[in-house]
Amino acid sequence: MLDLTKVAKAMQGMSQHLSNEAVAAGKRLDVAIDLYKKAGNEQEKLVKLQETWRDRIPFNQASPVESLNSVSYITVPPIAHTVLATDGSQISPSHHEIAYCYLLNVGRITLHYGQSRHPILDSVPEIFYKQEDLYISRQWGIKTEEWMGYQRSVSEAQALAELGCNWLAVNHNHLPVPTLAMVDGSLIYWFLEGLPNEARDRILQPILAAWERLRLAGIPLLGYISASRSAESLSWLRLSACPYQVPDCMTHCADVVFAATLPNADKAPCQVFEPLRDVILWNTILSPGERSPLWRSHARILDLYGEQNIYFCYVHVGWEIARIDMPQWVGENPALLDSALSLMLGQVYKGGGYPISLSEAHNQAVVTGGDRGRFFALLEQQMIKAGLRNVGISYKETRKRGSIA
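Not measured: the values here are computed from a predicted model.

1. Description of the packing of aromatic side chains
Link 1 in the chain: Counted under the stated rule, the structure contains 14 aromatic pairs.
Link 2 in the chain: Summarising the aromatic geometry, the rings of Tyr-36 and Trp-282 are spaced 5.4 Å apart at their centres and angled 85° between planes, so their arrangement reads as edge-to-face. Of this pair, Tyr-36 sits in helix α2 (residues 14-41) while Trp-282 sits in helix α10 (residues 278-285), and the two are 246 residues apart along the sequence.
Link 3 in the chain: The class for Tyr-36 is buried, based on a relative accessible area of 9%.
Link 4 in the chain: For the pair Trp-147 and Tyr-150, a centre-to-centre distance of 6.3 Å together with 80° between the ring planes defines the contact as edge-to-face. Note that Trp-147 and Tyr-150 are positioned in helix α5 (residues 144-170) at a spacing of three residues, about one turn of the helix.
Link 5 in the chain: Given a relative accessible area of 5%, Trp-147 falls into the buried group.
Link 6 in the chain: Classification of Tyr-150 by relative accessible area gives buried; the value is 13%.

The structure is reproduced here in structure tokens:
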């Protein structure tokens, strides 16, 4: 039980600390705004420097695809359109339960507007219990619990592609309807960076194959990131802040720690606005309904994506600045991009600040504590029917559930 009296004492001084941080953040923002204006006047030069010296720059930075001096207004979505979304949840494996297994539950959403069609709101569960499912990741030093999370990303992508192909088959004899596929979170799977090649391929290749199915179906894919902590576009401004003639970081700043999260570490001269986030900068530039210029990510993991590189932009959705990820084939198709962003913003307004399709997909996918209990109770019944004996949870789990607290 949490002792709130002790918590209150522990909070003393926190308000003053946050106030000081807010003042410091304001100063960093002023610096970033000045650098943004400067970079807008020398964008072509900075892009060439980045392309020439990228292998000598150790930090991750995106590159602008459009002019920094322009922002775009997102149009109102058409009356007739369709939105697809998936999200996942899980029941984690536990050695204290009656059986060591895990469950993935993928919520599926198809919402039709202006078409007099019934929506799809359901979920598809999948149980993993075979030895090859539970322990395959151990050969790479990956815990089953972690592998379950990676596999969930695969299941979400495959379910979304299936929704898209099914919708295309149903609607093939009718007039084309603007359609959008959405997922919650980034399309850059950062967790793949630390995985061995074989493990990485088992996760990434099925996801890319699912995206390819959406591309062939002509359905744009967007990843919606709320409260993004990314600084990829701000990091590009460090080229403008660099005091040297060329951004050869490995030579000029070889002894500097490029980590804004280390409070006492020496920083390079170009780190004048860190640890500022992209959304803070774009909140001062964008008005509701506007999007930032398009950016191309250069995260190292994207080298494995082939032709499915990731573009992104920031959108003022009215309540916050959201980061929107998209595959390269969406970002390089202006008509497809404009249509996708229009439908996305309509979903945010319908959801009161967050895309309603994603929130509904989450609601369909979520597994509550009661669901977990019923799942293992059903599993116990099936095991007893199969003739298994000594079916039950561990003594530790029994005592925890029966605690007098």
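2. Concerning unusual backbone geometry
Link 1 in the chain: Residue Pro-275 follows Glu-274 across a cis peptide bond; omega there is 10°.
Link 2 in the chain: Tracing the sequence through the fold places Pro-275 in the loop between α9 (249-252) and α10.
Link 3 in the chain: A positive phi angle is found at Ser-116, which is not glycine, with a value near 55°.
Link 4 in the chain: Positionally, Ser-116 belongs in the loop between β4 (102-113) and β5 (120-128).

3. Section: the pattern of salt bridges
Link 1 in the chain: Tallied over the entire structure, the rule returns eleven salt bridges.
Link 2 in the chain: With a shortest N-O distance of 3.6 Å, Lys-48 and Glu-44 are connected by a salt bridge. Here Lys-48 and its partner Glu-44 are both found in helix α3 (residues 43-53), four residues apart, which amounts to about one turn of the helix.
Link 3 in the chain: Between Arg-215 and Glu-212 there is a salt bridge, with the nearest N and O atoms lying 2.6 Å from each other. A residue pair is termed a helical-turn pair when its members lie 3 or 4 positions apart in one helix, as Arg-215 and Glu-212 do in helix α6 (residues 197-217) at three residues.
Link 4 in the chain: Connected via shared salt-bridge partners are Asp-87, Arg-152 and Glu-156.

4. Considerations on helix α14 (residues 369-385)
Note on helix geometry: an α-helix contains 3.6 residues per turn, so any two residues three or four positions apart are oriented the same way.
Link 1 in the chain: The terminal C-alpha atoms of α14 lie 25 Å apart, and with 17 residues this matches the ideal 24 Å at 1.5 Å per residue to within 8%.
Link 2 in the chain: All buried positions along α14 are accounted for by Phe-375, Phe-376 and Met-383. In a view along the axis of α14, the buried residues occupy a sector of 90°, so they form one face of it. In α14, the exposed residues that point more than 90 degrees away from the buried face are Arg-374, Ile-384 and Lys-385.
Link 3 in the chain: Packing partners of the buried residues in α14 comprise β3 (81-91), β4 and β5.
Link 4 in the chain: Taken from the residues just after α14, Gly-387 is the one with a positive phi, measuring 90°.

5. Topic: the packing of α5 against α6
Link 1 in the chain: Across the interface, α5 lies against α6 with an axial gap of 9 Å and an inter-helix angle of 15°. If you check the angle between α5 and α6, you find them roughly parallel. Classified by chirality, the crossing of α6 by α5 is left-handed.

Procedures and definitions
Residues numbered from 1 in each chain as written. Predicted model: local features only at pLDDT ≥ 70, side-chain atom pairs only at ≥ 80, totals over all residues. Heavy atoms only, no water. Phe/Tyr/Trp six-rings, centres within 6.5 Å; stacked < 30°, edge-to-face > 60°. Helix = DSSP H or I, 4+ residues; strand = E, 2+ residues; numbered from the N terminus. Buried < 20%, exposed > 50% of the residue type's maximum accessible area, 1.4 Å probe, protein only. Salt bridge = Lys/Arg side-chain N within 4 Å of Asp/Glu carboxyl O. Expected span 1.5 Å × (residues − 1). Arc of directions from axis to C-beta. Contact = heavy atoms within 4.5 Å. Axes fitted to C-alpha atoms, helices over the stretch in contact; angles between N-to-C directions. Parallel < 35°, antiparallel > 145°, perpendicular 65-115°, else oblique. Left-handed = near helix turned anticlockwise from the far one by under 90°.

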